[in-house]
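Spelled out, the chains give:
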Amino acid sequence: METVVSGIRSTGNLHLGNYFGAVKNFLKMQYENNCYFFIADYHSLTTHPKPADLHANIKQVLAEYLACGIDPDVATVFIQSDVPEVTELYLLLNMNAYVGELERTTSFKEKIRKQPDNINAGLLTYPVLMAADIIIHKANKVPVGQDQAQHLEMTRRFARRFNTMYGVEYFPEPDAYNFGKKLIKIPGLDGTGKMGKSEGNGVFLADTPAEIRKKVMRAVTDTGPQTPGEKPSEPVHNLFTIMNVVSDPSTVKYFKEQHASCQIRYGDMKKQLAEDIIRIIGPVGERIKEIVADNKYLARVVSEGAEKARASASLTIREVKEIIGYRPF
Ligand code: TYM
């Protein structure tokens, strides 16, 4: 039995990338493992959300995750800010995280490019808080998409560094996990880059079937292959990548052959892709509406989740403080 920790920032609605990068694996694992699933609402503060938006986003993301099939009766589902022990471990880990390595983190460099007017210390130490989220439950496995690979590498390093510094074998080094071997990156519909929450290139779990059809039909392609056997261009390759995770292998094979023989009609491919996406996430969209309206249920889930998460986290904090040298008089 493994301990699994999975998290999502509460900065916007869930999209297909989140679903295939992090949630789908979790759904399979939750029944056989000790699983923690949480909303990273402290991480979302790096972009300075308004108070009313913060709350609404946490609620929406929680409802969306539950709608996917995360079962709060088997997994521990909680909100990061309900578990203050995480911030205590974050503080302790910060003492052994070096400014140089934090400044070299890809996500930090990206953020300072994107928000040059708000380069706060929370952005710099983002990977330390993430490491605290994971190792506070002594996780072995973390289902994440490719964009989190470096953060997981840093988590392993911080765990190892703690163990070495104090001469203990305390924290396991957690592995990034995906059902295939490689971590996946779901591309956006705009022809280049990954699907994101704020890039305007995503299919969201809460989208209606009509919205999904419209978005997919507008996805960027090209003017069509000119020579038999030609490799798909980046935008078309991206559509095949999405098709690979939502469609039947025979469907992918059919359209690949059509492309290779220059007979492909992108309109037909997109129609099929939209229907396959709807088949998978359509039922989730329906459930989101019911769950988000059920405040009582959501309140019960997070209060029970916080209690379970705090039991595990406070045990770690007690042991870690003892290892560091905090002793009772
Ligand atoms: P976030 O909220 O950006 O994304 C949540 C999860 O979705 C994955 N993901 C993707 N996977 C494939 N293709 C995509 N286009 C795509 N976009 C997003 C992410 O890899 C992630 O697994 N820092 C994290 C939140 C976090 C966390 C943690 C995760 C905080 N603490 C501890 C795991 C464990 C983040 O911003 O993810």
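Each remark here, short or long, concerns the structure printed above.
Residues numbered from 1 in each chain as written. Predicted model: local features only at pLDDT ≥ 70, side-chain atom pairs only at ≥ 80, totals over all residues. Heavy atoms only, no water.

A. Representation of the site of the ligand. What surrounds the ligand is a group of 26 residues, the closest being Arg9, Tyr126, Asp133, Asp147 and Lys197. For the ligand, a nitrogen atom lies 3.1 Å from a polar atom in the backbone of Gly17. A distance of 3.2 Å separates a nitrogen atom of the ligand from a polar side-chain atom of Gln148. Considered on its own, the ligand offers 700 Å² of accessible surface; in the complex 98% of this is hidden by protein. Those elements that place two or more of their residues in the shell around the ligand are β1 (3-9), α1 (16-29), β2 (34-40) and α7 (126-135). A class-by-class count of the residues in the shell around the ligand yields 12 nonpolar, eight polar and six charged. (Near = heavy atom within 4 Å. Polar contact = N/O pair within 3.5 Å; in protein donor to acceptor, adjacent residues only side chain to side chain. Areas by Shrake-Rupley, 256 points an atom, 1.4 Å probe, with all protein chains shown as cover. Helix = DSSP H or I, 4+ residues; strand = E, 2+ residues; numbered from the N terminus. Nonpolar A, V, L, I, M, F, W, Y, C, P; charged D, E, K, R; others polar.)

B. Local environment of unusual backbone geometry. For Lys138, which is not glycine, the phi dihedral falls at a positive 55 degrees. Along the polypeptide, Lys138 turns up in the loop between α7 and β4 (141-143). Residue classification places Lys138 among the partly exposed residues on the basis of a relative accessible area of 27%. One non-glycine residue, Cys262, lies in positive phi territory at about 60 degrees. You can see Cys262 is positioned in the loop between α11 (249-260) and α12 (266-292). (Buried < 20%, exposed > 50% of the residue type's maximum accessible area, 1.4 Å probe, protein only.)

C. Spotlight on the side chain of Ser312. By the secondary structure assignment, Ser312 is in helix α13 (residues 295-324). Setting aside its immediate chain neighbours within four residues, Ser312 contacts Tyr36, Ile136 and His137. (Contact = heavy atoms within 4.5 Å.)

The quantities given are spatial measurements derived from coordinates; they are silent on function.
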